[in-house]
Amino acid sequence: MLEVKNIHKSFSKSPVLRGIDFKVEKGEVVAVIGPSGSGKTTLLRCISFLEKADEGEIVFDEYTHDMVHISKRDIKKVRMNMGFVFQSFNLFSNMTVYDNVMEGLVTARKMDRCEARKKTFEVLEKVGMLDKTKNYPGELSGGQQQRVAIARAIAPDPKVILFDEPTSALDPELTGEVLDVMKKLAKEGTTMVVVTHEMGFARDVASRVVFMENGVVVEEGKAKELFENPKEERTRQFLSAMSKHE
Amino acid sequence: MSDRLVDILVTSFMRILIPGIKVTIPLTLLSFLLSLVIGLLLALVQVANIKGLKEFARFYIWIFRGTPLIVQLFIIFFGLPSIGITLDAFPAAVLAFGMNLGAYNAEVFRSAIMAIPKGQLEAAYMIGLNYPQAMARVILPQSFPVAFPNLFNNLISLLKDTSLAASITVIELFTSAQQIAARTYEPFALYCEAALIYLIFSTALTWLQNWIEKKLVWKSGENDKDKDADCGCGRNKAMVG
């Protein structure tokens, strides 16, 4: 459903992505793990065109685009079917919780306000934020903000949702409530790509895990197999280092 | 203080205040309005990086910030007639003050827009907004409270600078004081009185600024109304929080 081929990306001559191939099937939850600086976040940002790749191809929604020469219109078309959840939430601070969710439906997709309202309540109920619709983001805790951000991302029913370290900016206390919402989405069959340091989530919720380091995919496979029986030495080292932290 | 001086100060107070209200204030407000429009446009073409217009904006700001206001005033009022454009004193003053302050407000708006975290624009893009929509719905509404204190600073500054219009025959607050001072030979008392009236005006503006700034915080209120309440989509009002 979403496939990227041979993505290269450098920041001022230092390569961050060095030929990544990456595929997500409908209904899959793919966890992307790896040490800091391995290029996980850059991969998501290239897929969503928040960064321009130096080379690469994307197949999404049955269309193939050259990632370097794609037009603004095609970028918008891709984004219309893509949700993105940021590490730092990025809720619109000038809008209430309700308007944050409504915005993508009403302004971007010209949905009828009443229909959009129904959808907004539906997704806010799903993330457990129905009692805060009139609040501004500044009045919410980090966990609550991230749940609203998830509601905003899922409201237009995108074909895939990209999560960029959604719990990294949260107190350990608050990560649970966000992970619970993500588990719920996974159970409902939402297609998700999750860049994460939460090994528990990757192991228990993801259908597939991709381990990246130094801008390349070192190993990928079914979550259970990769965690219990990693093929690559480097994957083993990383997983054992991570498990000491848990 | 002699009785005569007290008498002059009392009778002149209204004769300075009235032109202040009738001329200085409209001159200030109209010029400021023009400067807001010019400033916003100059800032937008710069942050949107529009080729040609961006360079024009930099050029405009370079010229209007780099030359004295009174020279600009003289060029517009005394200079333009020689190339066939003749303006009355008041509109010439509005134009000069508005164009001059526009250059400064452009920088105020530009820095306010740049102060909005990059993530806001990225989030706007990812929910499907295009650049103009993201600007109008997300970035500008957030930049305004950031720009506000500096804009108001410039407004107060402009209020006092309008006294320069006296030099191109606009009969405003300062001109009136000048005329009475010339007639009564009491420049010290009358210019102090003029200063006092400017001070009253700018104090009022300062109060207004404090009052507006309190309103510029994004906070949910008790009696916020629910815009889409009459949609009848099966949710009752209590659920809106």
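Residues numbered from 1 in each chain as written. Chains lettered and ligands numbered in written order. Predicted model: local features only at pLDDT ≥ 70, side-chain atom pairs only at ≥ 80, totals over all residues. Heavy atoms only, no water.

Our next topic: helix H5 (residues 118-126) of chain B. Here H5 of chain B has its buried residues at Gly-119, Gln-120, Glu-122, Ala-123, Ala-124 and Met-126 of chain B. Residues of H5 of chain B that are buried make contact with helix H1 (40-47), helix H2 (72-80), strand S6 (82-85) and helix H5 (142-154) of chain A together with helix H6 (131-161) of chain B. Just past H5 of chain B, the residue Gly-128 of chain B takes up positive phi, approximately 105°. (Buried < 20%, exposed > 50% of the residue type's maximum accessible area, 1.4 Å probe, protein only. Helix = DSSP H or I, 4+ residues; strand = E, 2+ residues; numbered from the N terminus. Contact = heavy atoms within 4.5 Å.)

Among the surface-exposed residues, Ile-70, Val-71, Phe-74, Ile-75 and Phe-78 of chain B lie close enough to one another that they form a single nonpolar patch of about 420 Å² accessible area. With respect to the helices and strands, Phe-74 of chain B occurs in helix H3 (residues 69-79). (Patch = residues over 30% accessible without salt bridge, like charges linked within 9 Å, V, L, I, M, F, W, Y side chains within 5 Å. Areas by Shrake-Rupley, 256 points an atom, 1.4 Å probe, with all protein chains shown as cover. Salt bridge = Lys/Arg side-chain N within 4 Å of Asp/Glu carboxyl O.)

All names here are of chain A. Burial runs high along strand S3 (residues 29-33): 5 of the 5 residues are buried. Of the two faces of S3, the one lined by Val-29, Ala-31 and Ile-33 and the one lined by Val-30 and Val-32 are each fully buried. Note that S3 and strand S8 (residues 192-195) share 4 bridges and pair parallel. Opposite Val-29, over in S8, you have Met-192 as the bridge partner. In this sheet, strand S9 (residues 208-213) lies alongside S3 in parallel orientation, the contact comprising 4 bridges. Opposite Ala-31, over in S9, you have Val-209 as the bridge partner. (Pairing = 2+ DSSP bridges.)

Quick look at unusual backbone geometry now. All names here are of chain A. One non-glycine residue, Glu-62, lies in positive phi territory at about 70°. In this fold, Glu-62 is placed in the loop between strand S4 (55-60) and strand S5 (63-66). Looking at Glu-62, the relative accessible area reads 79%, which means it is exposed. At Glu-165, a position not held by glycine, the phi torsion is positive, near 40°.

Further remarks concern the confidence of the model for chain B. Residues and elements named next belong to chain B. Across chain B, the average pLDDT comes to 92, with 95% of residues at or above 70. Element-level mean pLDDT values for chain B span from 94 in helix H7 (residues 173-184) up to 98 in helix H4 (residues 89-114). Model confidence for the complex: the whole-complex pTM is 0.90, and ipTM, which rates the interface, is 0.95. (pLDDT = per-residue confidence, 0-100.)

This next bit is on the pattern of salt bridges. With the rule as written, the count across this model stands at 21 salt bridges over all chains. Asp-204 of chain A is paired through a salt bridge with Arg-203 of chain A; the nearest N and O atoms lie 3.8 Å apart. Look at Asp-204 of chain A and you get exposed, because its relative accessible area is 59%. The residue Arg-65 of chain B makes a salt bridge to Glu-107 of chain B at a minimum N-O spacing of 3.9 Å. With Arg-65 of chain B in helix H2 (residues 53-66) and Glu-107 of chain B in helix H4, this pair connects stretches of sequence that are 42 residues apart.

Residue and element names in this part refer to chain A. As summarised here, the arrangement of the 6 strands in space is S6-S7-S8-S3-S9-S10, forming an open sheet in which the pairing is mixed. Of all strands in the sheet, those bounded by a partner on one side alone are S6 and strand S10 (216-222). Each strand axis lies, on average, 15° off the axis of its neighbour in the sheet, ignoring direction. The sheet contact formed by S6 and strand S7 (residues 160-164) spans 4 bridges and is parallel. The residue bridging Val-85 from the neighbouring strand is Phe-163, located in S7. Across the sheet, H5 lies against S6 and S7, angled at about 170° from S6, the strand it touches most. (Axes fitted to C-alpha atoms, helices over the stretch in contact; angles between N-to-C directions.)

The next thing to look at is the sheet that holds S4 of chain A. Residue and element names in this part refer to chain A. Overall, antiparallel pairing links the 4 strands, which are arranged S2-S1-S4-S5 in an open sheet. Each end of this open sheet is capped by a strand with a single partner; those strands are strand S2 (14-24) and S5. Recorded for the sheet is a direction-independent mean angle of 15° between the axes of neighbouring strands. In this structure, strand S1 (residues 2-11) lies alongside S2, joined through 8 bridges in antiparallel fashion.

Let us now look at the layout of surface pockets. Roughly 900 Å³ of internal volume is contained in the largest pocket. Contributing to the lining of the largest pocket are 29 residues, with Lys-72 and Arg-79 of chain A together with Leu-121, Tyr-125 and Tyr-131 of chain B lying nearest its centre. Listed by contribution, the elements that provide at least two residues to the lining of the largest pocket are H2 of chain A together with H4, H5 and H6 of chain B. Considering every element that reaches the lining of the largest pocket, the biggest residue donor is H2 of chain A, with 5 residues. When its residues are assigned to classes, the lining of the largest pocket shows 16 nonpolar, 3 polar and 10 charged. (1 Å grid on protein atoms, 1.4 Å probe; cavity = no way out; pocket = protein on both sides within 12 Å on 5 of 7 lines; lining within 4 Å. Points joined across faces, edges and corners; volume = space filled by probe spheres on them. Nonpolar A, V, L, I, M, F, W, Y, C, P; charged D, E, K, R; others polar.)

Take empty space enclosed by the protein next. Under the criterion given, the structure shown has 2 cavities of 30 Å³ or more. There is about 70 Å³ of room inside the largest cavity. Along the walls of the largest cavity sit 14 residues, with Gly-83, Arg-152 and Ala-153 of chain A together with Met-126 and Ile-127 of chain B positioned nearest its centre. At the level of secondary structure, the elements contributing two or more residues to the lining of the largest cavity comprise H2, S6 and H5 of chain A together with H5 of chain B. Each residue belonging to the lining of the largest cavity can be placed in one class, and the counts come to 10 nonpolar, 1 polar and 3 charged. In this model, the second largest cavity occupies a volume close to 40 Å³.

So, about the nonpolar core. All names here are of chain A. The biggest cluster of nonpolar side chains holds 52 residues, and the ones touching the most others in it are Ile-33, Leu-124, Ile-150, Phe-163, Met-182, Met-192 and Val-209. Apart from the residues within four sequence positions on either side, Met-182 is in contact with Ile-150, Phe-163, Pro-166, Met-192, Val-194 and Phe-201. In this structure, Leu-2, Ala-53, Phe-86 and Val-195 belong to the second largest nonpolar core, which totals 46 residues. (Core = buried A, V, L, I, M, F, W, Y, C linked by side-chain atoms within 4.5 Å.)

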